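# Overview (structure and organization)
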Amino acid sequence: MTLIEHGDPESVVPPTSADPVKPAARQEPEPFGPGSLMWDSFGMYTSMLAGNSAFILQVMHPSIGTVVDQLSSFRTDPVGRAVRSFTSVQTWIYGGRTAIEEGKRLREMHKPLSAVDENGVRHHALSAEPWAWVHLTGFYAASAAARYFSLEPWEEHEQQTFDEFMRLGRILQVPERMLPPTIADYWTYFNDMVENTLIPHRTAYHVLDGMEEVPPTVPAALHPVLKPLSLSVGRLGRLIITGTLPPVAREKLGLTWTAADERKLRVIGRTIARTTPFLPERVRYMPIAYKARVAARAQQNLEHALETRPL
């Protein structure tokens, strides 16, 4: 996860509804736990499916694309970068109090980052707009994943998902003024960003073009063996990214999307949605998420045993 900024940190405020209710002061957010939608969904491997389109939306932001282009290891170590990113994401949801510290660590880690683009504009980490944009693209990805990879109606969970994303934004120390107060405000802000701020940044093309390549960290002797697999996985990933991007972003990148592509993605999505629930929990969830869920159940069982012990 790479967060970067451009310009005055105080200068950008998302559109909001009239007279939003604002807290007097920010309190330290509560970590997530059992019972939240995040707890049940964010640690699943399938959550990565629409997450890649969120990354493309992020690097289409001029500031984010510039800093990722110059400072990220996504070219030299794409697998390692992905592992570190998803480990951090799992920590936000399943880390308990460690999630709060992870949010602070990310802020500190990005403080020294800066890069100059081809127009001579310097981009610095931690200004409000790009820092918030990285986070806010996640709610879009969740809505896209629900459309294609879930059998449950999105409308039944949309409000709770939105509320939990705003809570996650506070864990990640997104400025309060950058968190839209309502779902309607979110979509107004999101659509405006896609239409008027995002650009066909070269970093987005680098990510898309590299999807079908064998990772550079793989020994050269294995490339001929792994090339067919990389091509297959990369083409599937590119199909999912293209289909789950907003049409305006897709058009800016010059990506084509046909009715046949849509049907193909729908079939793939339904297949994933129908088969995933039958997989063992250890297979459905990433390691930290799985261990956290097992530990939470053990704690609940212990508490129940203590509450019902003979006295």
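As a reminder, the structure under discussion sits directly above these lines.
Scope of this entry: the structure provided in the associated data block. Keep in mind the model is a prediction, meaning the values are calculated, not measured. (Residues numbered from 1 in each chain as written. Predicted model: local features only at pLDDT ≥ 70, side-chain atom pairs only at ≥ 80, totals over all residues. Heavy atoms only, no water.)

Our next topic: the packing of aromatic side chains. On inspection of all chains with the given rule, the structure shows 14 aromatic pairs. Arranged with centres 5.8 Å apart and planes meeting at 20 degrees, the rings of Y186 and F190 form a pair that is stacked. Placement of both Y186 and F190 in helix α8 (residues 183-196) is noted, with a separation of four residues, approximately one turn of the helix. Look at F190 and you get buried, because its relative accessible area is 2%. Taken together through their ring pairs, the aromatic side chains of F42, W133, F139, Y140, W154, F162, F165, Y186, W187 and F190 make up a single cluster. (Phe/Tyr/Trp six-rings, centres within 6.5 Å; stacked < 30°, edge-to-face > 60°. Helix = DSSP H or I, 4+ residues; strand = E, 2+ residues; numbered from the N terminus. Buried < 20%, exposed > 50% of the residue type's maximum accessible area, 1.4 Å probe, protein only.)

As a further point, take the pattern of salt bridges. Summed over all chains, the structure comprises twelve salt bridges. Salt-bridge contacts for K227 lead to E213; the nearest nitrogen and oxygen are separated by 3.3 Å. A residue pair is termed long-range when its members are at least 10 positions apart, and K227 in helix α10 (residues 223-244) and E213 in the loop between α9 (202-209) and α10 qualify at 14 residues. You can call K227 partly exposed: its relative accessible area is 28%. A network of salt bridges, in which partner residues are shared, links E28, R97, E101 and K104. (Salt bridge = Lys/Arg side-chain N within 4 Å of Asp/Glu carboxyl O.)

At a closest axis distance of 8 Å, the pairing of helix α2 (residues 48-59) and helix α6 (residues 128-149) adopts a crossing angle of 145 degrees. Handedness of the α2/α6 crossing: right-handed. Seen from α2, the contacting residues are L49, A50, A54, L57 and Q58; seen from α6, they are W133, V134, T137, Y140, A141, A145 and F149. The class makeup of the residues in the contact of α2 with α6 is ten nonpolar, two polar and no charged. (Axes fitted to C-alpha atoms, helices over the stretch in contact; angles between N-to-C directions. Left-handed = near helix turned anticlockwise from the far one by under 90°. Contact = heavy atoms within 4.5 Å. Nonpolar A, V, L, I, M, F, W, Y, C, P; charged D, E, K, R; others polar.)

Among the nonpolar cores identified, the biggest contains 61 residues, and I56 and L168 are the most heavily contacted of them. If you tally residues by element for this core, the top one is α6, at eleven residues. The residues touching L168, leaving out its near neighbours within four places in the chain, are F32, M38, F42, W92, I93 and H135. A50, A145, Y148 and I240 belong to the second largest nonpolar core, which has eight residues in total. (Core = buried A, V, L, I, M, F, W, Y, C linked by side-chain atoms within 4.5 Å.)

What follows is about unusual backbone geometry. You will see that Q173, though not glycine, has its phi angle at about 60 degrees, which is positive. Within the secondary structure, Q173 sits in the loop between α7 (158-171) and α8. Since its relative accessible area comes to 28%, Q173 is described here as partly exposed.

Turning our eyes to something else, we now look at helix α5 (residues 97-110). The end-to-end C-alpha separation of α5 is 21 Å, in line with the 20 Å expected for 14 residues at 1.5 Å each. Of all the residues in α5, the buried ones are A99, I100, E102, G103, L106, R107 and H110. Summarising the axial view, the buried residues of α5 lie within an arc of 160 degrees, below the 170-degree limit, and thus occupy one face. Summarising the contacts, the buried residues of α5 are in contact with α4 (78-94), α6 and α7. (Expected span 1.5 Å × (residues − 1). Arc of directions from axis to C-beta.)

Among the secondary structure elements, T46 is positioned in the loop between α1 (37-41) and α2. For T46, a relative accessible area of 25% puts it in the partly exposed group. Between the C-alpha atoms of T46 and W257, which are 211 residues apart in sequence, the distance is 22 Å. If sequence neighbours within four positions are ignored, T46 has contacts with I272 and T276.

The next point concerns the environment of A145. Note that A145 resides in helix α6. If we skip the residues at most four places from it in the chain, A145 touches A50 and S150.

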